[in-house]
Number of protein chains: 2
Amino acid sequence: MSKQEETQSRVRVFALGGLGETGKNMYVVEVDEEMIVLDAGQMIPQDDMLGIDVVIPDISYLVQHKDRVKAIVLSHGHEDHTGALAYIIDKLQVPVYGSKLTIGLIEDDLKAKNPSDQTKLKVVSPGGNMKAGKIRVEFFRVNHSIPDCLGIAIQTPQGYVVYTGDFKIDQTPPDRKFSDIGRMTDYGKKGVLVLLSDSTNAEVPGTTPSEKDTEAGIKSMFREAEGRVIVSTYSSNVYRIQQVIDAANETKRKLAIVGDSMMKVIDISKRLNYLRVPKNLVISVDELSQYNTDEVAVLCTGSLGEPVSALHRMAKGSDRQLSILPKDTVIISASPSPSNEKSVGRVVDQLYKLGAEVVTKYPQVNVSGHASQEELMFMLNLMKPRHFMPIQGEFRMQFAHAQLAQTTGVHRDRIHIVDNGDVLMFEDKKAIKASKVPAGNVLIDGLGIGDVGNIVLRDRRLLSKDGILVVVVTLNKKTSEFVSGPDIISRGFVYVRESEELLEEAKQKVSDTLKTCMSDNVNEWSSLKSNVRDVLSRFLYDKTKRRPMILPIIMEV
Amino acid sequence: MSKQEETQSRVRVFALGGLGETGKNMYVVEVDEEMIVLDAGQMIPQDDMLGIDVVIPDISYLVQHKDRVKAIVLSHGHEDHTGALAYIIDKLQVPVYGSKLTIGLIEDDLKAKNPSDQTKLKVVSPGGNMKAGKIRVEFFRVNHSIPDCLGIAIQTPQGYVVYTGDFKIDQTPPDRKFSDIGRMTDYGKKGVLVLLSDSTNAEVPGTTPSEKDTEAGIKSMFREAEGRVIVSTYSSNVYRIQQVIDAANETKRKLAIVGDSMMKVIDISKRLNYLRVPKNLVISVDELSQYNTDEVAVLCTGSLGEPVSALHRMAKGSDRQLSILPKDTVIISASPSPSNEKSVGRVVDQLYKLGAEVVTKYPQVNVSGHASQEELMFMLNLMKPRHFMPIQGEFRMQFAHAQLAQTTGVHRDRIHIVDNGDVLMFEDKKAIKASKVPAGNVLIDGLGIGDVGNIVLRDRRLLSKDGILVVVVTLNKKTSEFVSGPDIISRGFVYVRESEELLEEAKQKVSDTLKTCMSDNVNEWSSLKSNVRDVLSRFLYDKTKRRPMILPIIMEV
């Protein structure tokens, strides 16, 4: 490649999600006029996003420049990297690339949510490559907690832009398919313009245990359990599912599978040969009662947002088919994130109370899928990137990762800790923090995509704190008389039967206020309403120190 | 004591809070007809207790048997052991006992909330004793993260009932006042009927680091910091406050104190000689700007519910007086509990983004105040209790503590893992799980104590999820005509401007439903309302997959 070409090219890299947060990973690489989107993930709503089901990235920049978007490339099949796809694909209509298992896992969901969609789903292989527009994209194998994960390298005139995806360096991957260290070394030799690498465990010293490490732990639990074994894990952790299947098989326990998503993943993985399920092993939940408790096991799942939802139902006694028995051994093979640690803790407590034994030990029954400090430095040393952009994870993790990069010799000025939407522009291999593209949260509530914004959320927060009072009155404006009301209806404020006196007083306040207004000839609706609201609000705050939402409805006849 | 007396006595022990949960500690010991209440704590509301400020124990059993309650005895001055007092004292009107610092810390709050209260507050000393009714109560010193903590031993004809309170065995307590191992040994010799011991860290191996361990860590941060040092800690951690004061003094930094509760605790502790504050060390926040950044430090606090609330305001830029500067060193010397880990994490992230260095290391700047496994076993071995009741903490911690007790030789049948309200009755030194007394949560919202119950909370949860739609219509029943409306007002459902069409359709549905009803002569109000609610609910769920609360208001003229 001539010096001429190199200097003319313009490479832009930015995130639409995944920086300073956990989830909704989406990174964009622009080479001159063409764009490649790396991953399209969803995120669990934060606590203050009341009533929201799922959060996805704001893709308005991509939609605006739709013609320039050439492909969406998926690194692996986890929802924080693929879950937004079904919501955005109809707006972009570009081909989607991923490994066989990844495409297998998203296919159904995509069709279910977009029945008329014509998106081309293309299977690519670790070690392979493809062209999207003029851009050459190469794939190399990495290890993680699901099979068939891809690192992605994008060729540009200034060098490779390399995206690790989620990874760890696993010396004993259960499928014996190893990280492609050779390829990584090659990129290091050919020249990496910028490395985008997974920061999730950048604060964790040492190396992450292997996926294989849980195998022995789970097997011994199955062997020692006096009663049933119930395992809860993420449905997308295909390695772990295999270990549970193997443990059940070896200890001669029949296995019942609970949960649609778990069934679906097992079906797909079996069909695509990522999972071996012995014949006659799996029974239905109804058949459990035909066996002794030490002859059976149960595999159940939760969602990203609630990793132990099935267990939660069983513990509460609200599952139709299954309840917890004393002497059950419950294995929770999923690390709760800070956002659901509390709810998981409560379920564990309830299980203890019911007499179950609960096992959550790390790494006996659960390991992280993300590289720790030694592995992260190894990746940096292999890739020898000119520039480094720590991605994926809270800012403090990005900072910790930046420290590691500096330790391995990346120059401080070429380490870029940026926020979602910050565009890093490379010209002549130099980086300029160029501009900003829109990058925010799009909230999904039921069928609505993005129709719940700040105002609606603010109202939900207000309502959740102290409830609402609706004040209804019908006025005859000519005679200034009340035709009906004032009535007060409250929800979520106080228990009405025990607060009749308070509400009677409140009614009196409203009626006094309205009379005063009308005799003062203040009779624009808006003034009447705001007067009622102010007086009532002050009165209630004095009496209760609460601030319910007040909704005055004044009808006129 | 004769065998005769012993067998006749009846000792009952139960918790009104503190079992299977973190907070609202309250334990009751009944000796024949007399009762002693141990601690009166509050708890942070759980996530689903929307709008609730504080949770306290249900004391209806105590109120019902008011004449038999002889004293409330406080183990130490933390809110999870004292915070309910101000809300319940007027209902019980019994003397309150505690160490000097404990009484000092609660006094003002008690008077502020109960101006006319005549409660006698009585200071007792570690090593001392007192009589409440016929019951002899003895006090022995334990270490924790606040000075002046008491273990409490209640003499009964069947042996001592010993309550450890919060404790750890600290070999280097900052005030050089040691746990009274001698007394503990004595109780072991005299005979402990039942030991109630702190389970908080029963899952943590080894021993808990000393309060002293943070001294060097904090000092070195003060020395190395290039800019300001900002320390956030619980205001009730008097030891930690002393270390911050000493570190500021030694490194020649002036210290500004932020937060009313911090000021209050410092004043009280200084007055009672639990804190030494050098002259000319403390400056006001306004004076900070008169010094270089490396000449000052700030000490700020949060609440039990939000341990870093002051930092949060600074990080958001919403504190009127202080904002975060790049090169600030922020020390967070408070372990977030699972219930606020997430919000603390978010503040930390924001601080990083603003260029501050954040230090949260354990045990360099923060240690636990609760005994780990080795110390818990030590306590069990000293006390040699006949019966054991692990208290304080989630059930899984109580279970872990029970395991430790078994290891030290307490017989399995004499270890009692019980729930709040379960009464353990001792007769002839044998335990019977007798009965149950009411023990639940009393929720405090503003000034209301217990007036928010399940119905109100359920409404708040519904409102928080999908908001509310108020449907208003005025009917002339004689002519079956609409006098006004139907109108729909929504809050927290959808952004109205973008959903006009949906709401227009909804109005039409309401109006169709009402017309059909009236022409079918269905004109009882309740039927009209439930018809409107059903039709609208189904319509909105079909269109949006949301279920807002629907409040039909039908006026009649």
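Definitions and limits used
- Residues numbered from 1 in each chain as written.
- Chains lettered and ligands numbered in written order.
- Predicted model: local features only at pLDDT ≥ 70, side-chain atom pairs only at ≥ 80, totals over all residues.
- Heavy atoms only, no water.
- Helix = DSSP H or I, 4+ residues; strand = E, 2+ residues; numbered from the N terminus.
- Buried < 20%, exposed > 50% of the residue type's maximum accessible area, 1.4 Å probe, protein only.
- Contact = heavy atoms within 4.5 Å.
- Areas by Shrake-Rupley, 256 points an atom, 1.4 Å probe, with all protein chains shown as cover.
- Lys, Arg positive; Asp, Glu negative; His and termini not counted.
- Charge placed at Lys NZ, Arg CZ, Asp CG, Glu CD.
- Salt bridge = Lys/Arg side-chain N within 4 Å of Asp/Glu carboxyl O.
- Phe/Tyr/Trp six-rings, centres within 6.5 Å; stacked < 30°, edge-to-face > 60°.
- Lys NZ or Arg CZ within 6 Å of the ring centre and 35° of its normal.
- Pairing = 2+ DSSP bridges.
- Axes fitted to C-alpha atoms, helices over the stretch in contact; angles between N-to-C directions.
- Domains from an automatic or database assignment.
- Buried area = accessible area lost by both parts, 1.4 Å probe.
- Polar contact = N/O pair within 3.5 Å; in protein donor to acceptor, adjacent residues only side chain to side chain.

A. Structural detail: the overall build of chain A. Within chain A, the secondary structure is distributed over 16 helices and 26 strands. The principal-axis extents of the C-alpha atoms in chain A amount to approximately 90 × 75 × 45 Å. Sorting the 557 residues of chain A into buried and exposed places 57% on the buried side. Considering only contacts within chain A whose residues lie at least 6 apart along the sequence, 72% involve residues at least 24 apart. If you sum the accessible surface of chain A, you get close to 22,800 Å²; carbon and sulfur atoms cover 46% of it. With 71 positive and 73 negative side-chain charges, chain A shows a separation of 3 Å between the mean positions of the two kinds.

B. Quick look at the pattern of salt bridges. Under the defined criterion, the tally for this structure stands at 55 salt bridges over all chains. One salt bridge connects Glu21(A) with Lys24(A), and the closest N-O pair in it is separated by 2.9 Å. The buried category is assigned to Lys24(A), whose relative accessible area is 1%. Glu211(A) is the partner of Lys168(A) in a salt bridge, and the nearest nitrogen-oxygen pair spans 2.9 Å. Placement of Lys168(A) in the loop between β11 (159-163) and α6 (181-190) and of Glu211(A) in the loop between β12 (192-198) and α7 (213-224) is noted, with a sequence separation of 43 residues between them. One salt-bridge network, in which partners are shared between bridges, spans Asp445(A), Asp451(A), Arg460(A), Asp466(B) and Arg546(B).

C. Quick look at the packing of aromatic side chains. Residues and elements named next belong to chain A. Counted under the stated rule, the structure contains 10 aromatic pairs over all chains. Note on phenylalanine 14 and tyrosine 61: the rings are 5.4 Å apart at their centroids and 90 degrees apart in plane angle, and the pair reads as edge-to-face. In this pair, phenylalanine 14 is assigned in strand β1 (residues 10-17) and tyrosine 61 in helix α2 (residues 60-64), connecting sequence segments 47 residues apart. Among the aromatic side chains, those forming a connected cluster through ring pairs are Phe140, Tyr160 and Tyr187. For the cation-ring pair, arginine 547 lies above tyrosine 541, with the distance from its terminal atom to the ring centre recorded as 3.9 Å.

D. How the structure looks around the sheet that holds strand β20 (residues 422-427) of chain B. Residue and element names in this part refer to chain B. An order of β7-β6-β5-β3-β2-β1-β20-β21 is seen for the 8 strands of this open sheet, with the pairing classed as mixed. In this open sheet, the two edge strands, each paired with only one partner strand, are β7 (121-123) and β21 (430-436). Within the sheet, the average angular offset between the axes of one strand and its neighbour, ignoring direction, is 25 degrees. Both strand β1 (residues 10-17) and strand β2 (residues 26-31) contribute to a ladder of 6 bridges, which runs antiparallel. Residue pairing across strands places phenylalanine 14 opposite valine 28, the latter belonging to β2. Against the sheet, helix α4 (residues 85-92) contacts β2, β5 (69-73) and β6 (96-98), and its axis sits at roughly 165 degrees relative to β5. Here helix α5 (residues 100-113) sits on the sheet and contacts β6 and β7; the angle it forms with β7, its principal contact strand, is near 160 degrees.

E. Expanded view of the domain arrangement of chain A. Residue and element names in this part refer to chain A. By the assigned domains, chain A splits into domain 1 (3-207 + 368-449), domain 2 (213-359) and domain 3 (467-556). Each of domain 1 and domain 2 was reduced to a C-alpha centroid, and the two centroids are 32 Å apart. In this complex, domain 1 contributes 17 residues to the contact, which on the side of domain 2 involves 15 residues. Summed over both sides, the interface of domain 1 with domain 2 buries roughly 1,600 Å², with 64% coming from carbon and sulfur. Our count for the contact surface shared by domain 1 and domain 2 stands at 0 salt bridges. Linking domain 1 with domain 2 are 3 residue pairs in polar contact (both at pLDDT 80 or more), by the criterion used here. Looking at the side of domain 1 that touches domain 2, the elements with two or more residues in it are α3 (79-82) and α5 (100-113). When residues in the side of domain 1 that touches domain 2 are grouped by element, the largest group, 5 residues, is from α5.

F. Representation of the sheet that holds strand β25 (residues 481-491) of chain A in the model. Residue and element names in this part refer to chain A. Here 3 strands make up an open sheet; going across it, the order is β25-β24-β26 and the pairing mixed. Two strands close off the open sheet at either side, each with one partner strand: β25 and β26 (549-556). Looking at each pair of strands side by side, their axes are set apart by 15 degrees on average, direction ignored. Of the pairings in the sheet, the one linking strand β24 (residues 468-476) to β25 comprises 8 bridges and is antiparallel in character. By the bridge assignment, leucine 469 is partnered in β25 with serine 490.

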